[in-house]
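# Structural characterization, general
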Amino acid sequence: MATLTTQTIALAGLAPTYAAAAGGGDKCEVGDRNFLHVKNGSGSAVTVTLTATATYRGQAVANLTVSVPASGERMIGPLAADLLQNATDGLCGIGYSSATTVTVASLRI
């Protein structure tokens with residue numbers, strides 16, 4: 001499991017770098033201006049799962065799942081702290097149904 005480095009978009013521009021998705025999942029920073037950009041280079045859809053840590057009236061909130069289509073990409077966010085921030089390390093857990101040919105960037109605007 002890797003912790004993705006958050007890259008900040010600036011007026012001067014940003015050429016984001018993408019990391020290969022880790023088979024055991026990744027982690028990233030949370031925040032109202034943070035999001036993930038996931039690219040799927042495979043021939044079938046991949047499901048990205050963000051681990052929810054919030055509760056509502058004592059009940060756990062369901063994890064967020066996003067389907068990234070074959071040869072497609074998705075912007076996922078904002079990554080709200082009150083929904084996704086792990087109390088132990090302050091990060092959001094990210095899982096992939098398959099990490100093969102998937103790349104990801106953690107971005108902040």
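That block above? That's the structure.
None of these values were measured; they are calculated from a predicted model.

## Regarding the side chain of Q7
- Along the chain, Q7 falls in strand β2 (residues 6–8).
- Engagement of the side chain of Q7 in a polar contact is seen with the backbone nitrogen of T17, the distance being 2.8 Å.
- Once residues within four sequence positions are removed from consideration, Q7 is found in contact with L14, A15, P16, T17, A105, S106, L107 and R108.

## Comments concerning the pattern of salt bridges
- By the definition in use, this model includes two salt bridges.
- Between D89 and K27 there is a salt bridge, with the nearest N and O atoms lying 2.4 Å from each other. Residue D89 is located in the loop between α1 (81–84) and β11 (91–96), and its partner K27 is located in strand β4 (residues 26–29); the two are separated by 62 residues in the primary sequence.
- Residue D89 is classed as partly exposed on the basis of its relative accessible area of 33%.
- K27 sits in the partly exposed class, given a relative accessible area of 21%.
- In this structure, R108 and E29 form a salt bridge, with 2.5 Å as the shortest nitrogen-oxygen distance. Of this pair, R108 sits in strand β12 (residues 102–108) while E29 sits in strand β4, and the two are 79 residues apart along the sequence.
- Residue R108 is classed as partly exposed on the basis of its relative accessible area of 25%.

Cut-offs applied
Residues numbered from 1 in each chain as written. Predicted model: local features only at pLDDT ≥ 70, side-chain atom pairs only at ≥ 80, totals over all residues. Heavy atoms only, no water. Helix = DSSP H or I, 4+ residues; strand = E, 2+ residues; numbered from the N terminus. Polar contact = N/O pair within 3.5 Å; in protein donor to acceptor, adjacent residues only side chain to side chain. Contact = heavy atoms within 4.5 Å. Salt bridge = Lys/Arg side-chain N within 4 Å of Asp/Glu carboxyl O. Buried < 20%, exposed > 50% of the residue type's maximum accessible area, 1.4 Å probe, protein only.

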